[in-house]
Each structure stands twice: as structure tokens, then as C-alpha cells.
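# Survey of secondary and tertiary structure
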Amino acid sequence: MTITRPPATRPAPRPAPEPPRRPGQAARTVRATLRRVPVWIAVTLLLVVVLYPQLWMVLGSFKTPTEFFENPTWALPETFNLDNYVTAFTRGDVALNYRNSILVTLPSVALIILLGVAAGYVLEVMIWRGRRQVLLFVLAGIMVPGQMILVPLFSVYFQLGLTDTLWPLILTYTAMGLPLTTFLMAAYFRSVPREIFEAAAVDGSSALRSFFVIGLPLMKNAMLTVGLVQFFAVFNDLLVALTFTTRPELATIQVGLLSLSDEYGSTQYGPLFAAISINLLVLLVVFAFLNKKIMAGLAAGSLKG
């Protein structure tokens, strides 16, 4: 007869005692929290300064002309109707202006990026006599104010018969954006190890093939970052578009906002705020979708090797 003993039960482990707090630890925590308070206050004030005008503009897009002139500035709209947005699309031709802006912005940015990357590759990767002097000459274009070249360019475009098209805007934006883009792309290529291109040359790759097979893929984040900066610069420009726009049918969105005034010069604030809100919403959506790519491109340009 076998007697089975019940299994021995182990006592439950005791919880580890809490480490005793050092004297003064609570005081240090309070002091560290108090040091952050000015930073929190500064960030809060900055957010209020940046976001309040945008919120005020969006709320103003729902107000009637009577509310603008009779109610206080900070008053909320009495009714949230879309009459101002309908007026912006019909009388303000916002849809047509957006189409013109896209037709001008996309080709301009594409040319700026393609020519800028090629120029940065030639000036930084390829070795030839005088490339440093050429780079300085290209950088000199940054110091030329755009206002100085508008009248001569208008005369040239008029003689070439391009004034009734969107080509003057595309060519001008491309020429004005190339110096900065070339400088930034040369800096990005400088951060890439030169041994990569030397190994490709040893394997028999030509300079043109190395540019398309190696250079462009390595510059993907950089091209997106610089392209977005140039996109905002071209899309939000008013001076160049106002100078070379000869007909209302060719007006971009920034020039189209000026049409929301009658023949006596009075401004229709409701439709104007509605058109600006639409413009702001589009730019915020583009930035929100490409924010991570922008940060990756900026980080890539700050690393060496």
C-alpha cells in the first residue's frame, strides 16, 4: 500500500519593498516641474497666436455682411450657412483659379527638382575644373531680388508672344527656384559617400546612368522636402502671378482672391474668408500627408556618410 503525500505548497512571494525615497527627491521633482512651467506657458501662447487668426478666419467665412459690421469681431456666426462658399466658387471662380494654380505649380516644381538635382550632381559628384566657381555663380542668383527682373521678363515674354499663356509663370518660377534648389541638392550629394559613385564607375557605369540609377534614388527624401518647399513658394506667390497674368481666365488662386471686391473697392469679407479657408485647408492636407517625408529628408541632409 502506497501512501501519497499532497504536493508541498510554496508560500507566495512577498512583494518587493519599495525603495526608500531619498530626502529631497520630492523637492527636486517639484523644482523640475516648475522649470517646465515657463516652457508650457510659452508654447500655449505661441499656439494661441498662431491658431486664433485661422480659427477667426474660418468662423468669419460663415458670417453675413451685416454680422461683420454690426456684431463684435470676436462674436460667433449666428448661422453656419454655406452661402459665402457658394459665392466664392461662382463669383470668385475659385475652381478655375485652383486649376490654373495646379497647372502652373506642378510643372514648375517638376522642372525645378529635375534641373536642380542634375545641377547638384554635376557640381558635387562629377570632378571638373571650375565647378566651385560655377557653384558660386549659381548661388549669386539667390541674391538677385525677383522684383528687379519682372519688367525685363515681361518685355521678353511679350516679344515672344507668350503673354496670353501660363508659360511666363512656369518659366519664371523655374528660374527663380533653381539657385536655392541647386545649392541644397549639392549639399545633399555632399553627404553621400563618394565611394558609391566611384564603385559604379569602376563597374563600367556612365555618369548619366549613375545619376538615374544611384543619384535619384538616394535623393528621394531630399527631393520631396525641397519640392514641398518650392510647392508652397510657387502656390502662394502673388507678385509674379499678378505681373504676368493678363486675363482673368489665367488668374491663379492668389490673384483670384483679389477679384472678391466690387467696382467701388469694397471687400466682401465672407466670400474672401471662405476662399482663403479653402486654400488653407488644401495646404494643410498636403502638409499633413507629407510631414514624415519632410522630417526624413531634413534628417538625411544633416548626416554625413
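## Focus: the overall build of the protein chain
- Looking only at helices and strands, the protein chain features 14 helices and zero strands.
- For the protein chain, the succession of helices and strands along the chain, N to C, is α-α-α-α-α-α-α-α-α-α-α-α-α-α.
- Taken across its 305 residues, the protein chain has 32% of its residues classed as buried.
- Contacts in the protein chain between residues far apart in sequence, at least 24 positions, make up 74% of those at least 6 positions apart.
- Accessible surface, the protein chain: about 20,000 Å² in total, of which carbon and sulfur atoms supply 70%.

## What about the side chain of Q254?
- Position of Q254 relative to the elements: it lies in helix α12 (residues 253-256).
- There is a polar contact of 3.3 Å between the side chain of Q254 and the backbone oxygen of F235.
- In this structure Q254 touches F235, N236, D237, L238 and N279, once residues within four positions along its chain are discounted.

## Focus: the packing of helix α4 (residues 94-124) against helix α7 (residues 167-190)
- Put simply, α4 and α7 touch, their axes get as near as 7 Å, and they point 40° apart. As for the relative orientation of α4 and α7, their crossing is right-handed in sense.
- Taken together, the residues of the contact of α4 with α7 sort by class into 18 nonpolar, seven polar and two charged.

## Details of the environment of V151
- Relative to the elements of secondary structure, V151 occurs in helix α6 (residues 150-160).
- Separated by 93 residues in the primary sequence, V151 and F244 have C-alpha atoms spaced 9.7 Å apart.

## Let's talk about helix α9 (residues 207-218)
- Turning to α9, its buried residues number three or more, namely S210, F211, I214, G215 and L216.
- Buried-residue contacts for α9 involve α4, α7, α8 (194-202) and α10 (220-235).

## So, the packing of α4 against α10
- Across the interface, α4 lies against α10 with an axial gap of 9 Å and an inter-helix angle of 140°. The angle between the axes of α4 and α10 places the two elements in the oblique class. Handedness of the α4/α10 crossing: right-handed. Contacts between α4 and α10 pair Y98, S101, I102, T105, S108, V109, I112, I113 and V117 from the former with M223, V226, G227, Q230, F231, V234 and F235 from the latter.
- Considering only residue class, the contact of α4 with α10 consists of 11 nonpolar, five polar and no charged.

## Re the nonpolar core
- Membership of the largest hydrophobic core comes to 34 residues, with the highest contact counts inside it found for V117, F189 and F197.
- The set of elements that each furnish at least two residues to this core consists of α3 (83-90), α4, α7, α8, α9, α10 and α13 (269-289).
- Within the second largest apolar cluster, 14 residues are counted, among which are Y157, L169, A241 and V255.

## A short note on the packing of aromatic side chains
- Applying the stated criterion across every chain, the model contains 13 aromatic pairs.
- Ring geometry for F231 and F232: centres 5.9 Å apart, planes at 65°, overall edge-to-face.
- Residue classification places F231 among the buried positions, given a relative accessible area of 13%.
- One aromatic cluster in this structure is built from Y121, F189, F197, F211 and F212.

## What about the pattern of salt bridges?
- Using the criterion set out here, one finds three salt bridges in the structure.
- In this structure, R190 and E124 form a salt bridge, with 3.3 Å as the shortest nitrogen-oxygen distance. Taken as a pair, R190 in helix α7 and E124 in helix α4 lie far apart in primary sequence, 66 residues in all.
- Overall, R190 belongs to the partly exposed group, its relative accessible area being 36%.
- One salt bridge connects E124 with R194, and the closest N-O pair in it is separated by 3.9 Å. In this pair, E124 is assigned in helix α4 and R194 in helix α8, connecting sequence segments 70 residues apart.
- Overall, E124 belongs to the buried group, its relative accessible area being 4%.
- Here the salt bridges do not stand alone but share partners, grouping E124, R132, R190 and R194 into one network.

Definitions and cut-offs
- Residues numbered from 1 in each chain as written.
- Predicted model: local features only at pLDDT ≥ 70, side-chain atom pairs only at ≥ 80, totals over all residues.
- Heavy atoms only, no water.
- Helix = DSSP H or I, 4+ residues; strand = E, 2+ residues; numbered from the N terminus.
- Buried < 20%, exposed > 50% of the residue type's maximum accessible area, 1.4 Å probe, protein only.
- Contact = heavy atoms within 4.5 Å.
- Areas by Shrake-Rupley, 256 points an atom, 1.4 Å probe, with all protein chains shown as cover.
- Polar contact = N/O pair within 3.5 Å; in protein donor to acceptor, adjacent residues only side chain to side chain.
- Axes fitted to C-alpha atoms, helices over the stretch in contact; angles between N-to-C directions.
- Left-handed = near helix turned anticlockwise from the far one by under 90°.
- Nonpolar A, V, L, I, M, F, W, Y, C, P; charged D, E, K, R; others polar.
- Parallel < 35°, antiparallel > 145°, perpendicular 65-115°, else oblique.
- Core = buried A, V, L, I, M, F, W, Y, C linked by side-chain atoms within 4.5 Å.
- Phe/Tyr/Trp six-rings, centres within 6.5 Å; stacked < 30°, edge-to-face > 60°.
- Salt bridge = Lys/Arg side-chain N within 4 Å of Asp/Glu carboxyl O.

Honestly, it's all geometry; don't read function into it.
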